[in-house]
Structure formats: structure tokens, C-alpha cells
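# Geometric and topological summary
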Amino acid sequence: MTLHDDAVLVLKGYEDQTDLRQQYLDHLAAHPDGMWKACTAGHLTASALVVDPERGRVLLTLHRKLKMWLQMGGHCESGDVSVADAALREATEESGIEGLTLLPGGPVRLDRHPIPAPCHWHLDVQYAALAPPGAVEAISDESDDLRWFGYDEVATVADESVVRLVKRVRAAL
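Rules behind the numbers
Residues numbered from 1 in each chain as written. Predicted model: local features only at pLDDT ≥ 70, side-chain atom pairs only at ≥ 80, totals over all residues. Heavy atoms only, no water. Helix = DSSP H or I, 4+ residues; strand = E, 2+ residues; numbered from the N terminus. Rg over C-alpha atoms; globule rule 2.2 N^0.38 Å. Buried < 20%, exposed > 50% of the residue type's maximum accessible area, 1.4 Å probe, protein only. Contact = heavy atoms within 4.5 Å. Areas by Shrake-Rupley, 256 points an atom, 1.4 Å probe, with all protein chains shown as cover. Lys, Arg positive; Asp, Glu negative; His and termini not counted. Charge placed at Lys NZ, Arg CZ, Asp CG, Glu CD. Pairing = 2+ DSSP bridges. Phe/Tyr/Trp six-rings, centres within 6.5 Å; stacked < 30°, edge-to-face > 60°. Lys NZ or Arg CZ within 6 Å of the ring centre and 35° of its normal.

It is worth spelling out the overall build of the protein chain at this point. When helices and strands are tallied, the protein chain shows five helices and eight strands. Going from N to C terminus, the protein chain has its helices and strands arranged as α-α-β-β-β-β-α-β-β-β-β-α-α. Taken over the C-alpha trace, the protein chain has a radius of gyration of 15 Å; the compact-globule value for 173 residues is 16 Å, and the two agree within 12%. Along the first, second and third principal axes, the C-alpha atoms of the protein chain reach 45 × 30 × 30 Å. Residues classed as buried in the protein chain amount to 49% of the 173 residues present. Taking all contacts inside the protein chain whose residues are at least 6 apart in sequence as the whole, residues at least 24 apart take part in 65%. Of the roughly 8500 Å² that the protein chain leaves accessible, carbon and sulfur atoms contribute 54%. Here the protein chain contributes 16 positively and 27 negatively charged side chains, and the mean placements of these two sets differ by 5 Å.

Within strand β1 (residues 43–52), 10 of the 10 residues are buried, leaving the element largely enclosed by the surrounding structure. Of the strand pairs in this sheet, β1 and strand β7 (residues 121–130) are connected by nine bridges, and their pairing is parallel. Note that in β7 the partner of H43 across the bridge is H122. By the bridge criterion, four bridges tie β1 to strand β4 (residues 72–75) in an arrangement that is antiparallel. Directly across from T45, in β4, lies its bridge partner H75. The sheet contact formed by β1 and strand β2 (residues 57–63) spans three bridges and is antiparallel. Within β2, the position partnered with V51 by the bridge is V58. Counting the residues in the hairpin turn of β1 and β2 gives four residues, including G56, whose phi is positive at 60°.

On to unusual backbone geometry, then. Although it is not a glycine, K67 sits at a positive phi angle of roughly 55°. Considering the arrangement of structural elements, one finds K67 in the loop between β2 and β3 (69–70).

Turning our eyes to something else, we now look at the packing of aromatic side chains. All told, the structure shown has one aromatic pair when counted by the stated rule. Ring geometry for W69 against F149: centres 5.0 Å apart, planes inclined by 75°, an arrangement best described as edge-to-face. With W69 in strand β3 and F149 in strand β8 (residues 143–150), the pair connects residues that are 80 residues apart, well separated along the chain. With relative accessibility at 4%, the residue F149 sits in the buried group. We note R57 situated over the ring of W148; from NZ or CZ to the ring centre the distance is 4.0 Å.

Along the chain, S140 falls in the loop between β7 and β8. Looking at S140, the relative accessible area reads 15%, which means it is buried. With residues up to four places along the chain from it excluded, the contact list for S140 reads E93 and E94.

What follows is the structure, encoded as C-alpha cells:
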């Protein structure tokens, strides 16, 4: 199975956000390279909101290029065996936390958002990553800052897409 096939299976099994899920499937059907950054018509990305449910908080990164507080995430790479694997890899790299585990049940949300040229769209498959007890974060080269925020604090620093993700993750916990 290829990473592209895995993405189609994940999206076909995703019962919520029906219209957006169909847009993802249509995109992948129309663009054989739709998984990869090189696809300028748009491409899938994988992200994970790092959560510490015991302390009621999430870890956000101040993205170096976008200057926005976001969940961890990025592009799928050829070594990723699944979209979930890409999300977990990105969360681990960007948070510096070893031992993250994805919340069972697959992605928690889909989010389609415009990005600067040369590409036009990110089709983000969003997961939740659970931090192990005593997790210590370490800032990566992709971030200007890395910080834990209480669930209710997120709306004061992040955009609506991150707020929706936090809400969905809290409902899934």
C-alpha cells in the first residue's frame, strides 16, 4: 500500500465533514501527486495537536514562517508509511517530545486552507497526539516558540481552525 492509498482509505472511512472529505478524495483522484508538496494545485498535509489531558492543556508552536500559533504538522514524506505516521513524525519532530501516541480512532478533523504560492491549498488531515506523563518539549528549527496553553486559552492566541481542532479533540478524549 502506498501513502496515497492510505490517505484515500482514511478519508473514505471518515464519516464527519462529508463535503470536505469528498473534496479531498476528488483532489487525490484528479492529482496523482496530490500527497506531495510538489503538487502546486494543493496537497495533503498531516498534523497533530499535542495534548496533555491530565493537565488540560495543548502544546502549540509559533510557526516561523506564518507567525501563527498552530498545532504541529507538515508535509508527507516518502518514508512515511501512512498519513497517521506522517502526523506522528511531525508532532515528534516539532515538539521534541518522545513517546507521543496518536489518539485511537484516526483523524479528528479535516481542514482545507489557502497557502502562499506556488502551492494554493493545504488539505490537512488532523490527529491528536497524547503526551506521556512528564513530557518535556524542545523547540525545533521550524518554530519561533513552543508553549503549553490551557484549553480555554487557545482562543486568545490561535485562529479559528485551531480552536475548532481543540474543541474536537476535547470531545474525543
